[in-house]
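Below, each chain spelled out in residue letters.
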Amino acid sequence: MILVTAIVKPFALGDVKSALERLGVLGMTVSEVQGHGRQKGHTEVYRGAEYNVDFVPKVRVEVVVDDEVVERVLDAVVAAARTGKIGDGKVWTTRVDQVVRVRTGERGPDAV
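The notes below deal with the structure included here. (Residues numbered from 1 in each chain as written. Predicted model: local features only at pLDDT ≥ 70, side-chain atom pairs only at ≥ 80, totals over all residues. Heavy atoms only, no water.)

## With respect to helix H1 (residues 13-22)
Considered for burial, the residues of H1 that qualify are Val16, Ala19 and Leu20. Buried residues in H1, looked at end-on, bunch into an arc of 95°, giving them a common side. Against strand S5 (56-65) and helix H2 (70-81) lie the buried residues of H1. Positive backbone phi, approximately 90°, marks Gly24, located one or two places after H1. (Buried < 20%, exposed > 50% of the residue type's maximum accessible area, 1.4 Å probe, protein only. Helix = DSSP H or I, 4+ residues; strand = E, 2+ residues; numbered from the N terminus. Arc of directions from axis to C-beta. Contact = heavy atoms within 4.5 Å.)

What follows is the structure in structure tokens.
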């Protein structure tokens, strides 16, 4: 099993969720996060005053999937979140050794 973590722009969440559901990935965890990449934030102007936005609001989407579908999940998330502009986000994977469904005690892929 693989944990797929995606950091995307908040407005892309609906498209990412729909793309994952089309692949049969129904369980996901979503959290609001802030951060910056290489550009280290950006500058905005409000009422004529310029100010720096160091940490940009993003959404983190986490799903655990079987090894066989991880490439399709990565492709779907990237396609759904891509605008072609700086700050589209990142997606990475992490190996998951074990998953246990708390309610039933099921383990492994059955617990996902």
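There's more to say after this.
## With respect to the sheet that holds strand S6 (residues 89-95)
Read across the open sheet, the four strands follow the order S2-S5-S1-S6; overall the sheet is antiparallel. Each edge of the open sheet carries a strand with a single partner, namely strand S2 (29-35) and S6. Going across the sheet, the axis of each strand differs from the next one's by a mean of 20°, ignoring polarity. One ladder, built from seven bridges, connects strand S1 (residues 2-8) with S6; its direction is antiparallel. From the neighbouring strand, Ala6 faces S6, where its bridge partner is Val91. (Pairing = 2+ DSSP bridges. Axes fitted to C-alpha atoms, helices over the stretch in contact; angles between N-to-C directions.)

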